[in-house]
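Breakdown of the fold
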Amino acid sequence: MALNVELLESSFAQIKVNSLEVTKQFYTVLFTDYPEVQPLFANTNMEKQRKQLFQSLVFTVNNLGKPDVLSSALRGLGTRHTQYGVLPQHYPMVGSSLLKTFEVSLGTAWTSDVQQAWTEAYEVVTQLMLEGADCSPESLILTGE
Ligand code: HEM
């Protein structure tokens, strides 16, 4: 799938301006809309988590033009998510919360093209993370996870 790199980059540049607010808002939306995922974060330092989530989004947008780099990083992230107890059905919940948060952050700049670009990007991210989540215990050892 050809992602709309230009639109993802320009909209994310705007989102980045309010990164702290955006990540706080994201978890508020996630836990309000999908309270069933909150127990997964029971022992999580949320301040650190917010930063790590945002850094991974920055990394993803910065590497949209480097599919190899992106694929291996996101597969690894997906493998680790299995260890956090994350299941495939949780991915659409995070996706919908993330897009809802971006919509609020961008206001009138959240056009249907921007929405489509992020929907497609999140699908690709999910696909790669789920590929990584399929790793057998042996391959987890081989990749040093
Ligand atoms: C776009 C998809 C996602 C991205 C970019 C993302 C990003 C991250 C990052 C960067 C971390 C820090 C730890 C690490 O690097 O391994 C993390 C941890 C975590 N994520 Fe995600 N994540 C995504 C999807 C999800 C989903 C669908 C869930 C389930 C609701 C989830 C739940 C968690 C949990 C429970 C942790 C561990 C927190 C801890 O250390 O206690 N994530 N995520």
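For the structure, check the block above.
Below: a short report on this structure. (Residues numbered from 1 in each chain as written. Predicted model: local features only at pLDDT ≥ 70, side-chain atom pairs only at ≥ 80, totals over all residues. Heavy atoms only, no water.)

What to know about the coordination of the iron atom of the ligand
No protein donor other than His81 (NE2) coordinates the iron atom of the ligand, and that contact is at 2.0 Å. Checked against the element boundaries, histidine 81 lands in helix H4 (residues 67-83). (Donors = N, O, S within 2.8 Å, 3.2 Å for Na, K, Ca; no water. Helix = DSSP H or I, 4+ residues; strand = E, 2+ residues; numbered from the N terminus.)

Here's the deal with the site of the ligand
Residues in contact with the ligand amount to 19 residues; listed here are only the nearest, Thr44, Arg80, His81, Tyr84 and Val94. Here an oxygen atom of the ligand sits 2.6 Å away from a polar atom, N or O, in the side chain of threonine 44. Here an oxygen atom of the ligand sits 2.6 Å away from a polar atom, N or O, in the side chain of arginine 80. Listing elements by their share of the shell around the ligand, those giving two or more residues are helix H3 (46-62), H4, helix H5 (91-106) and helix H6 (112-133). Per-element tally for the shell around the ligand: the top contributor is H3, with 4 residues. A per-class count over the shell around the ligand returns 12 nonpolar, 6 polar and 1 charged. (Near = heavy atom within 4 Å. Polar contact = N/O pair within 3.5 Å; in protein donor to acceptor, adjacent residues only side chain to side chain. Nonpolar A, V, L, I, M, F, W, Y, C, P; charged D, E, K, R; others polar.)

A short note on the packing of aromatic side chains
For any pair of aromatic rings, geometry is given as the distance between the ring centres together with the angle between the planes. Here the structure, examined in full by the defined rule, presents 7 aromatic pairs. Relative to phenylalanine 54, the ring of phenylalanine 12 lies with its centre 5.4 Å away and its plane at 20 degrees, an arrangement referred to as stacked. You can see phenylalanine 12 sitting in helix H1 (residues 5-17) and its partner phenylalanine 54 sitting in helix H3, a full 42 residues away along the chain. Note on accessibility: phenylalanine 12 and phenylalanine 54 belong to one class, buried. Aromatic ring contacts, followed pair by pair, group Phe12, Phe54, Phe102 and Trp118 into a single cluster. (Phe/Tyr/Trp six-rings, centres within 6.5 Å; stacked < 30°, edge-to-face > 60°. Buried < 20%, exposed > 50% of the residue type's maximum accessible area, 1.4 Å probe, protein only.)

Some details on the layout of surface pockets
Space inside the largest pocket adds up to approximately 1,000 Å³. Around the largest pocket sit 37 residues that line it, and Gln49, Leu53, Leu77, His81 and Met129 are the ones nearest its centre. Contributions of two or more residues to the lining of the largest pocket are made by helix H2 (19-33), H3, H4, H5 and H6. If one sorts the elements of the lining of the largest pocket by residue count, H3 sits on top with 10 residues. (1 Å grid on protein atoms, 1.4 Å probe; cavity = no way out; pocket = protein on both sides within 12 Å on 5 of 7 lines; lining within 4 Å. Points joined across faces, edges and corners; volume = space filled by probe spheres on them.)

What to know about H2
Because an α-helix completes one turn every 3.6 residues, residues spaced three or four positions apart along the sequence face the same direction. Spanning 15 residues, H2 covers 21 Å between terminal C-alpha atoms, matching the ideal 21 Å at 1.5 Å per step. Inspection of H2 places Val22, Thr23, Phe26, Tyr27, Val29, Leu30 and Phe31 among the buried residues, and these make up the whole buried set. Of the surrounding elements, those touching the buried residues of H2 are H1, H3 and H5. (Expected span 1.5 Å × (residues − 1). Contact = heavy atoms within 4.5 Å.)

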